[in-house]
Structures are given as structure tokens and as C-alpha cells.
Amino acid sequence: MQGLLPEKIEMSSLAETAGKRTMRLHTITLGCQMSAADGAEMSGPLYKRGFSAADSPQNADAILINTCTVRQHAEDRAVSLIGSLKPWKNEDPNRVLIVTGCAAERLGEWIRKKFPHVDLIVGAKSIEQFPEIVEETLNRRFDALSENREAFGACPGADAGLDKELFSSPVLGATAPGAPVADFVTIMRGCNYSCSYCIVPLVRGREHYRPVEDILEEARRKTAAGVKEITLLGQTVNSYSSTREGRKINFSGLLELVDQTPRLQRLRFMSPHPYYVDDRMIGAIARLRTVCELLHLPVQSGSDRLLKLMRRNYTRDSYLQKVEKIRRAIAGVAISTDFIVGFPSETEEEFAQTLSLVEILRPVCAYCFKYSPRESTESAAWPDDVPVRVKEERLERLNKLVDSMTATALQEQIGKTLEVLSEQSNFGRTRDGFKVKWNAPAPIGERLPVKITAAAPRILLGETADEI
Ligand code: SAH
Ligand code: SF4
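Note that the structure is predicted; figures quoted are calculated from it, not measured.

Draft legend 1. Spotlight on the overall build of the chain. Scanning the chain from terminus to terminus reveals 16 helices and 20 strands. Across the chain, contacts joining residues at least 24 apart in sequence account for 73% of those joining residues at least 6 apart.

Take a look at the structure:
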């Protein structure tokens, strides 16, 4: 990291920072919810250090970009964003640009050389060391503790012990100011699978699980601060495994414990791997008060040959059988999923099997992606032989079919009165994940009965009602 940082800032501007306003941080997250949660966690130490939130890059003294590399498109966006911030940095060299996450892990050296205006690069495997890394950087930048005390004296708990206490706490669970209604809690990092197309294990490493107590403590802290809905996050969230007081705790056991969190209204998780869906997990979802009736269960393809090539560890039938079990056990459960189209050697017939799986699965929503070869993955060595035009055409057909399923699911809600958790005064979500807008303003963070009167393309419209 040495040599990457601009010269120390002038004492006068630091005093101005202390006297007039705190430093302002703008966090930009590219990619999945896991990446959004990582971005929030990494912003935590900066907020604790006295930064406040900036509403736009232009108003920020520091920008943290948490990048994604899962598909080439995501990486291209990250690179172009970093490049576009050169004038922002040139306007005031005291500004700090931090690039983190999966693309930073993969392209760190290259970014360092190509974009000298980046101050700090922290790859996805080092997220847990982020507090120490950023401390070192900012201390060099702001001449360590003496100046910290002056510049950040206004922040609660700021004293000689501030930095030690602050940065020795684990990054996982660091808190940004202001509690949202719905928030994330990361329960594991990395992935032990090696799906042939996927770069995640290469940039994030193998699975490691957060201790149960840390997870429960973060959930309690968040709900005490006003969070009503928690989504547990992991790449294969349901392979979670840990011990507590000598007892083995798997994912279902963890759901049971988090469900007990005081004031928690809703519990979700993302993304379960179909292989680890078992009777105990289905039972826990069906039984537990807070666990919501929406399951995002990525399937990727409807063809057994492709599922094998992808190394997904399930077949079309075993996947659909699990979904059947889930539907039998959990009344009104909504299923969403992910697909990849144009995987190497995918034939028209195999793609048709994906379409037929959609007809059987009836997902409320699906994220559909064109196959994107990622360097050093197994499938990157295979010919990317489905022409771009064909990939695009398949993607369009698949999206059209999925959109029709979404539209049907939305239409089916009309006339029902549903429990909506308000995230804004007239916007919220149902337990099964539908977005809802309603007529009259309501308090934020409340569960409201809303009578659904109409469906727009991706959202339900309704009126607040007296009861469900
Ligand atoms: N851990 C999750 C998925 C994480 S990546 C799981 O296994 O289900 C999110 C989604 O990105 C994947 O479900 C897949 O649909 C898509 N994806 C991953 N790698 C891809 C690639 N190389 N090309 C296209 N889509 C990809
Ligand atoms: Fe990637 Fe497969 Fe792991 Fe999901 S399970 S993160 S797709 S390797």
C-alpha cells in the first residue's frame, strides 16, 4: 500500500474539517446483496471514525467503491467508474478513493498501475482486515492519533482509546449511521463449490463461517437500533456450520436462534444452494414466526447435461422434487431463481428444457444472465461457442416467459389484503417479497394491512386497510 497515498493533508484543512464539518463518505456498491452488505460493513469503520454520509460523489471527501467481477459486464462497469472518478480526485487531491471487493481482488495490481488516482485497494479476501488496513491508511493520511483526536473529536467515544477499541472490533457487523427497516447480516464468506463457470471461489476463497454468537449479537444490535427485517447472507448460505456451547449448529439451527431476536419481525436469507435444502430446513421455514415465505433458489439450467457440466450437484428432477416438498410444507411460498443462458455447448433443445422448467417452477421472479467466461474458471477453457446473437435471443425468450410468470403472480394478489412492512411512507414489501405502493402515508417500519387493488409491471398498488 506504501506509495499509493497522496501527501499528508495540511493541518489547516484538517482543522477546518474538525471545526466546520466532518469528512463525508460516499459508498458505491456494484453487484449482489453480498457485495452491498460488504460495502456497508466496510463503510462502518469510516463512519465510526467520524465520517458522515455524503449524498453524492461530488459532495464526498472519500468514495468507497465495492466492486463485483462475477460477469465481465460487472467488472467493466467497475473499471469505467474508477476511471471516471479521476477528475473528482484531481479537483482536490486530499480526497480519498478506495476500491474494494471482488474485482479489486482479481485486478488489484492492474488497477494500481492503470489508475494512480486510487488511494487504497482492498480485495474481497481481505474484507475482514479492512479496519486495520484503512486505519493504517488514514493514520498515514491524517498523521495518526494526535490529528485524529482533533479532527474526529466530535464523534462519540472519541478519546485516546478510540482507535484501538474501534479497529480491534471485527469488521463484520460494523454499523453505518441510521438504521434501515431492512438490513443484512453476513453469516459466512467464500464458497466451497466449484461451479465450472464461477469466479466467486477464486476471488473470495473457501467457506468460513461466522461464530453464532457474533451473528446473534449483530442481529440484536440491529433490531435494537430499529431494523425490523434481517436477511442472512452467504454464497451458499444454507451450508452454514458452526458450534455453540459444544453443540453443532447448522443453518436450520441458526434460523431457530435468529428467529428469537427481540423485535425482529422478518427473517430472510440469500442464497440457499439447492443441494443443502433438507427436511429440517424446510420445517424450520414453515414453523418459524419470522422466516418469510420467499425462497431464492438458483437453478441455472433445466438441462441435466448442462447442470452436470456446470457442476451444480443436483439434477433437474432432484431440484424440482425439493421445490415440490417446499410447496407442500410452506403455504403460499414464492420461489425465485437464477438462470444462465448460452453456456458452452448449450443446444436449442437444452435451452427449451430451461423454458419447460420455468413453466413447472412458476417463479415469481428470475435473474437471467448471458454466460460470461471468467478467467481461470474451468469453463473458460471450453469454447464459448454459443454465438452472442443466439445468447441474446435466448435471454430475451427466457425473460419474456419469466415476465409473464411475474405478471401472473402479481395479478393473483389483486383483491387480497396483505401484510406489508413499510420501508418508506407509502412503499414496502409483503412477506413473499412483492413490492407494494399504497395511497395514504403511513409510519415507517410498521406492518400494515394493505388491500391490493391493481398490479403495475413489477409492483402492486393498494390501499391501507383495517385488518388482514
Ligand atoms: N452462490 C449463488 C450465486 C452467486 S453468483 C449460487 O450458487 O446460487 C449470482 C448468479 O450469477 C449465479 O446464480 C449465476 O446465475 C450468475 N453467474 C455466475 N457466474 C456467471 C457467469 N460466469 N456467467 C453468467 N452468469 C453467471
Ligand atoms: Fe459460484 Fe457455485 Fe459457489 Fe454459487 S455455489 S458462488 S455459483 S461456485
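Moving on, there is more to tell.
Draft legend 2. Region of the structure containing the site of ligand 1. The environment of ligand 1 is formed by 17 residues, the closest being Tyr197, Pro298, Asp338, Phe369 and Ser372. Split by residue class, the shell around ligand 1 holds eight nonpolar, six polar and three charged. Counting contributing residues per domain, the shell around ligand 1 is built from domain 2 (179-292) and domain 3 (325-412), each supplying no fewer than three.

Draft legend 3. Local environment of helix 16 (residues 388-411). In this model, helix 16 (24 residues) spans 34 Å end to end at C-alpha, consistent with the 34 Å of a helix rising 1.5 Å per residue. Turning to helix 16, its buried residues number three or more, namely Lys391, Arg394, Val402, Thr406 and Leu410. Looking at the packing, one finds that the buried side of helix 16 touches strand 14 (334-341), helix 15 (348-361), strand 15 (365-370), strand 19 (447-456) and strand 20 (459-464).

Draft legend 4. Structural context of the sheet that holds strand 15. Within the open sheet, the three strands sit side by side as 13-14-15. Their pairing is parallel. Each edge of the open sheet carries a strand with a single partner, namely strand 13 (294-296) and strand 15. Each neighbouring strand pair of the sheet contributes to a mean axis angle of 10°, computed without reference to strand direction. Two elements, strand 14 and strand 15, share six bridges in a ladder whose sense is parallel. Looking across to strand 15, one finds that Ile340 is bridged to Phe369. Contacts between helix 16 and the sheet are confined to strand 14 and strand 15, with strand 15 contributing the most and set at about 175° to the helix.

Draft legend 5. Layout of helix 2 (residues 33-48). Taking 1.5 Å per residue as the helical rise, helix 2 with its 16 residues ought to reach 22 Å, and the 22 Å between its terminal C-alpha atoms agrees with that figure. By the criterion of burial, helix 2 is predominantly enclosed, with 14 of the 16 residues buried. Phi turns positive, to about 115°, at Gly50, one or two residues after helix 2.

Draft legend 6. Examining the pairing of strand 17 (residues 427-430) more closely. Both strand 16 (residues 417-424) and strand 17 contribute to a ladder of four bridges, which runs antiparallel. Within strand 17, the residue paired with Ser422 across the bridge is Gly428. The hairpin formed by strand 16 and strand 17 contains two residues between the paired strands. Bridge count for strand 17 against strand 18 (residues 435-438) is three bridges, and the pairing is antiparallel. Across the sheet, the residue bridging to Phe427 is Lys437, located in strand 18. Following strand 17, the chain reverses through four residues before pairing antiparallel with strand 18; Gly433 in that reversal takes a positive phi of roughly 90°.

Draft legend 7. Expanded view of the site of ligand 2. Contacts to ligand 2 come from Cys191, Tyr193, Ser194, Cys195, Cys198, Val200, Pro201, Gln235, Thr236 and His273. A class-by-class count of the residues in the shell around ligand 2 yields six nonpolar, four polar and no charged.

Draft legend 8. Molecular detail of the sheet that holds strand 2 (residues 52-53). Spatial strand order, 2-1-3-4-5: five strands in an open sheet with parallel pairing. Lying at the two open borders of the sheet, with one neighbouring strand each, are strand 2 and strand 5 (120-123). The sheet contacts of helix 3 (residues 72-84) involve strand 1 (24-29), strand 3 (62-67) and strand 4 (96-101), and relative to strand 3 the element is tilted by about 165°. Across the sheet, helix 5 (residues 102-114) is in contact with strand 3, strand 4 and strand 5; its angle to strand 5 comes to roughly 140°.

Draft legend 9. Molecular detail of unusual backbone geometry. Here the bond from Met270 into Ser271 is cis, since omega is -20°, no more than 30 degrees from zero. Position of Ser271 relative to the elements: it lies in the loop between strand 12 (266-270) and helix 12 (279-287). Despite not being glycine, Glu245 has its phi angle at roughly 45°, a positive value. Phi at Arg311 takes a positive value of approximately 60°, unusual for a residue other than glycine. Mapped onto the fold, Arg311 is located in the loop between helix 13 (304-310) and helix 14 (316-329). By C-beta crowding, Arg311 is classed as partly exposed, having 14 other C-beta atoms within 10 Å.

Draft legend 10. Structural detail: the pairing of strand 4. Taken across its six residues, strand 4 has six buried, putting it largely inside the fold. With four bridges connecting them, strand 4 and strand 5 associate as parallel partners. Pairing of Thr100 across the sheet is with Val122, part of strand 5. As for the winding sense of the linkage, the β-α-β connection from strand 4 through helix 5 to strand 5 is right-handed.

Procedures and definitions
- Residues numbered from 1 in each chain as written.
- Chains lettered and ligands numbered in written order.
- Predicted model: local features only at pLDDT ≥ 70, side-chain atom pairs only at ≥ 80, totals over all residues.
- Helix = DSSP H or I, 4+ residues; strand = E, 2+ residues; numbered from the N terminus.
- Contact = placed C-beta atoms within 7 Å.
- Near = placed C-beta within 6 Å.
- Nonpolar A, V, L, I, M, F, W, Y, C, P; charged D, E, K, R; others polar.
- Domains from an automatic or database assignment.
- Expected span 1.5 Å × (residues − 1).
- Buried ≥ 20, exposed ≤ 12 C-beta atoms within 10 Å, placed from the backbone.
- Pairing = 2+ DSSP bridges.
- Axes fitted to C-alpha atoms, helices over the stretch in contact; angles between N-to-C directions.
- Right-handed = clockwise from strand over helix to strand, strands pointing away.

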